[in-house]
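Spelled out, the chains give:
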Amino acid sequence: MPVLRIFRLIFILIAVMAGPARADDAALRTMLNGLANADGFAAIEKIVGDIAATGDPKAERALGALSSGDLYVRKADKTVLIGKSKTGGYVLSDPLTGDVAGEAKRSEVEKIKVNNTLRRVVREALGGLTLASVDPRARLNAAETIFKSGDPHAIPTLDAAIARETDPAVKERLMEARASATLKAQAPVAETTAALETIAGRGDREALSLLKSYEAGAQGELKDAAGAAIAKIEQTLALWAAGQNVWYGISLGSVLLLAAVGLAITFGVMGVINMAHGEMVMIGAYTTFVVQDLIRQYSPDLFDWSLPIALPLAFLVSAGVGLIIERGIIRFLYGRPLETLLATWGVSLVLQQTVRSLFGPTNREVGNPSWMSGAFQLGELTITWNRLWIVVFALIVFALLLYVLNRTALGLQMRAVTQNRRMASSMGIRTPWIDAMTFALGSGIAGIAGVALSQIDNVSPDLGQGYIIDSFMVVVFGGVGNLWGTLVGAFTLGVLNKFLEPYAGAVLGKIAVLILIILFIQKRPRGLFALKGRAVEA
Amino acid sequence: MRGMTASFTKSLAAVAIAAGLAWPSLAQAQEDTIKIGILHSLSGTMAISETTLKDAMLMLIDEQNKKGGVLGRKLEAVVVDPASNWPLFAEKARDLISKDKVAAVFGCWTSVSRKSVLPVFEELDNILFYPVQYEGEESQRNVFYTGAAPNQQAIPAVDYLMSEEGGSVKRWVLAGTDYVYPQTTNKILEAYLKSKGVAAEDIMINYTPFGHSDWQTIVTDIKNFGSAGKKTAVVSTINGDANVPFYKELANQGIKAEDIPVIAFSVGEEELAGLDTAPLVGHLAAWNYFQSVDTDANAEFIEKWRAFTKNDKRVTNDPMEAHYIGFNMWVKAVEKAGTTEPDKVIDAMIGVSVPNLSGGYSAMMPNHHITKPVLIGEIQEDGQFETVWQTPGLVPGDEWSDYLPDSKELIADWRAPMSCGNFNVATGKCGGKGVN
């Protein structure tokens, strides 16, 4: 019976392996259960310190849960368990093994409260525990945490970790973490100088922060070395900061472009001063909200697709509203800019209040799909995904619009009507129909801009108000009647604004941009790219 | 000509009939009920915050009527909409007092709306209950300030962050929207921080326009400012609407509360409703009330509120509690005075003490401010706050800040014989800076 023997052997092996582990578990468990009686944050902090001192990686789950506020005390037997909330109560699980340990009602358990200081302590404790993790990303995070905390006690553990590390990226981070710990450890001069060099080589904000706090407490030669390292890092960071400003400018420009490109059609091409343009953007944003709300209710798995689904709908809804406004009001007012201005202003108030009555005055939550959350690092640039996607999206919308205007029959007719209405009419183009379609197109584009803006701004009835002035500014600056002008205008204003902001502040920066535009319009009343020939005003 | 006379007579008759019909019922209504004015914007930019307060007041009045009203008479709410338009606030206030003959008005949110109605209340001698945290530097006989003064919100918040428990913060970013409340609060905070030994280069002050939506540069600035090797915190007086993009940017750029906590004075449960709070857990807010406060009074209040609004997800917030306190104080003062005549009620108000929702009593002080506890709460994943710290006792509202050179010698005491909103203790005379 060899099979049975093998089974038995395995059994014994497991028992041998589990034996000492269980003893450790018991010690850990006692410490954890101590949390049930801990009074105040300081007491909890002490227990976390004790657990971290055991260096037992099994505590990772419990500490992680504590930090995210998922650790609860079961009142009946004063045991500490992980709780995941579900309707009416919690599903409990063991804090060390993760095994399910029953359920509890809301009143049967008590949450162990955490604050920021405690979260930091836990993070540092976890840093020490996860250095030996099999997942390279966890090791990287651990190294990063120790780099920030610079705990001198971690040096032996770090040395061991460096010796067995195979991943070069993680190894580099570990070396930096060791250097950071060395600074705090009052090591000999040579060792400290080497550590300073390692940290200076990293060259980012974290390194700068560390060096600055070291410099404040250092003396003599070492202080100078730290000072030199700081100067070097600051120099590179200044270059990156300029790059960052350009990126922020492009990103702001793309938002301006999105908001303005619809207006470039209704105002730029048709000459209608449409004060309700912002509300079209707002309607697009609310369409996104409704789509997301329905998705949340009926098929939460589709959430990441909510924006692609919302795009065509937002276009249709806004274009529909635009069509109604054009047919109902604006077509009676062509050639009377003042009346149009007042009428569309009125329409914008009506739309705002309608949305307020339908959806309530409070902000609505439009979530970011996972592919639009967070950021990635490009050198010292932090680029957030939502901004990057909006830049890409704005350019796609712009390209599509160019295509529609220059390569389709509708576009051809639109241009014909705006350039010479009577001639176009004589050639058999139904100009009123073209007007309606053009206005609907402009409104629809504003609607899809709303989908994008819902990702970075409030979804509230006032959403559009914030963009209407900027949109007009972009269109006027870029040159009325010229799509390329809108593109260049939007990005110019974006970058200009972002370069002024660090020096002048957000408020003054905005004022300065406005004044510059006014001066520019004095010099070139038709904007950057004036339409030549017998055009619009004919 | 004849036609015109005829139609004129006809319309005159119509008016007379209408008036005849309307008059008795109107007179009766005035006999029977006590009118309460509600002056909160229901449209325009401030509707987002103020509509809730209108609903809260309607609920409180409804509750009081169920208990039999006040002085044996029922209460009647008169709701007007000043539409977030500051001059309209003054007009509507005048209508409420002189046309509708209200006994008291509950209203306003922004400081500028309050400043715009002040002369009206003074002239027509009525009462305003102002429920929102504000910058202080004011005490007016006709106004009762039930929101927090700076020392009931800003100063304890900074104290908490400076303490070991709050993270021993050494470097401060004071970020706010560019108007009077953040400007004055930041001025007070700056003076306070300097008095605590914080160096000028460790304070960064930043203002943004209303509704600012592009926070990339500022969040990066905060990140850079925070990398000077000292523990850094952001004190935010950013106003309502701009907060959502601000917090979204914070979350996306990965600023964690453990590294750079943001403590906000204008972000409550309502504002968080438009946000996914999972990446914001641990960022802070300082208020005198949180929905999560665990007391029987609060549980009952929330239950009634949800039943009244027929929405079991409706959140409550700090200014609502301020109206709750203010309204109950008014009821008590009216009962004490035996009349709703504003002049007598104003005198009866001082010293009135009513239960608040955080488990204690709030009292009206001679300077027309109230005593409240100060709570520091952390944002949780469910959009609620969890109290992590609170002042050991009640904090009395200080109308004239002790940290500003202009106002440190001023006090307010509306009891006779002083009856002064800006008494200068150095000169012993009534009248210094400020209104009236």
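How each quantity is defined
- Residues numbered from 1 in each chain as written.
- Chains lettered and ligands numbered in written order.
- Predicted model: local features only at pLDDT ≥ 70, side-chain atom pairs only at ≥ 80, totals over all residues.
- Helix = DSSP H or I, 4+ residues; strand = E, 2+ residues; numbered from the N terminus.
- Rg over C-alpha atoms; globule rule 2.2 N^0.38 Å.
- Buried ≥ 20, exposed ≤ 12 C-beta atoms within 10 Å, placed from the backbone.
- Contact = placed C-beta atoms within 7 Å.
- Pairing = 2+ DSSP bridges.
- Axes fitted to C-alpha atoms, helices over the stretch in contact; angles between N-to-C directions.
- UniProt positions renumbered as here; feature names shortened; annotations may be inferred.
- pLDDT = per-residue confidence, 0-100.
- Parallel < 35°, antiparallel > 145°, perpendicular 65-115°, else oblique.
- Left-handed = near helix turned anticlockwise from the far one by under 90°.
- Nonpolar A, V, L, I, M, F, W, Y, C, P; charged D, E, K, R; others polar.
- Arc of directions from axis to C-beta.

**Concerning the overall build of chain A**
The number of helices and strands found in chain A is 19 helices and seven strands. Rg of the C-alpha trace for chain A: 31 Å, well past the compact-globule value of 24 Å for 538 residues, more than 25% over. Projected onto its principal axes, the C-alpha coordinates of chain A cover approximately 95 × 60 × 55 Å. Within chain A, the proportion of its 538 residues that are buried is 44%. For chain A, the proportion of contacts with a sequence separation of at least 24, taken over those separated by at least 6, is 69%.

**Description of the overall build of chain B**
Check the secondary structure of chain B and you find twelve helices and 19 strands. A compact globule built from 436 residues should have a C-alpha radius of gyration of about 22 Å, and chain B, at 23 Å, falls within 12% of that. The dimensions of chain B, computed from C-alpha atoms along their principal axes, are 85 × 50 × 50 Å. In chain B, buried positions account for 54% of the 436 residues.

**Structural notes on the sheet that holds strand 1 (residues 71–74) of chain A**
All names here are of chain A. Taken together, five strands build an open sheet; the order of strands is 4-3-2-1-5 and the sheet is antiparallel. In this open sheet, the two strands that pair with only one neighbour each are strand 4 (100–105) and strand 5 (109–111). Each strand axis lies, on average, 40° off the axis of its neighbour in the sheet, ignoring direction. Across five bridges, the pairing between strand 2 (residues 79–86) and strand 3 (residues 89–93) is antiparallel. Bridge pairing in strand 3 links I82 to S93.

**Examining the UniProt feature "transmembrane region" (unreviewed entry) in chain A**
Residues and elements named next belong to chain A. Per the UniProt record, "transmembrane region" (unreviewed entry) is found at residues 246–273, 305–325, 337–355, 388–412, 433–452, 472–496 and 503–521. When the span residues 246–273 is considered, its composition is 86% helix and 0% strand, and the gap between its end C-alpha atoms is 32 Å. Measuring from the first to the last C-alpha atom of residues 503–521 gives 24 Å, for a span that is 100% helix and 0% strand.

**Considerations on the confidence of the model for chain A**
Residues and elements named next belong to chain A. Averaged over all residues, the pLDDT of chain A is 85; the fraction at 70 or higher stands at 94%. Within chain A, no element has a lower average pLDDT than helix 1 (residues 2–34), which sits at 62, and none a higher one than helix 12 (residues 306–328), at 95. Across residues 15–21, confidence stays below pLDDT 50; counting only partners more than four residues off in sequence or on other chains, it has zero contacts. In this model, residues 534–538 is a region of pLDDT below 50 whose contacts with residues beyond four sequence positions or in other chains number eight contacts.

**So, the sheet that holds strand 7 (residues 203–208) of chain B**
Residues and elements named next belong to chain B. As summarised here, the arrangement of the seven strands in space is 7-6-8-9-10-14-15, forming an open sheet in which the pairing is mixed. Both edges of this open sheet fall to strand 7 and strand 15 (385–390), since each of them pairs with a single strand only. Mean inter-strand twist for the sheet, computed between neighbouring axes without regard to direction, equals 25°. Judged from the six bridges that link them, strand 6 (residues 171–177) and strand 7 form a sheet pairing that is parallel. Bridge pairing in strand 7 places G176 opposite Y207.

**Focus: the packing of helix 10 (residues 220–269) of chain A against helix 14 (residues 385–407) of chain A**
Two packed helices can be described by the angle between their axes and the distance between those axes. Residue and element names in this part refer to chain A. The contact between helix 10 and helix 14 brings their axes to 9 Å, and the two run at 40°. Taken together, the axes of helix 10 and helix 14 lie oblique to each other. The hand of the helix 10/helix 14 crossing is left-handed. In this structure, helix 10 contributes I250, S251, S254, V255, L257, L258 and V261 to the contact, and helix 14 contributes R387, I390, V391, A394, V397, F398 and L401. Taken together, the residues of the contact of helix 10 with helix 14 break down into eleven nonpolar, two polar and one charged.

**Digging into the environment of B:T220**
If you trace the backbone, B:T220 turns up in helix 7 (residues 216–225). The class of B:T220 is buried, set by 21 C-beta atoms lying within 10 Å.

**Side note on the interface of chain A and chain B**
Listed as interface residues are 48 residues of chain A and, on the opposing side, 45 residues of chain B. Of all the secondary-structure elements, those providing two or more residues to the side of chain A that touches chain B are helix 4 (116–129), helix 9 (205–217), helix 10, helix 13 (337–359), strand 7 (381–384) and helix 19 (483–523) of chain A. At eight residues, helix 9 of chain A tops the list of elements feeding residues into the side of chain A that touches chain B. Looking at side-chain class alone, the side of chain A that touches chain B contains 13 nonpolar, 20 polar and 15 charged residues.

**Focus on helix 12 (residues 342–349) of chain B**
All names here are of chain B. Within helix 12, the full set of buried residues consists of P342, V345, I346, A348 and M349. Along helix 12, the residues classed as buried sweep out an arc of 170° about the axis, all on the same side. Where the residues of helix 12 are buried, they touch strand 3 (104–107), strand 5 (143–145) and helix 11 (318–337).

**Overview of the environment of A:R524**
Topologically, A:R524 is positioned in the segment after helix 19. Remark: the alpha-carbon pair of A:R524 and A:R137, spanning 387 residues in sequence, is separated by 56 Å.

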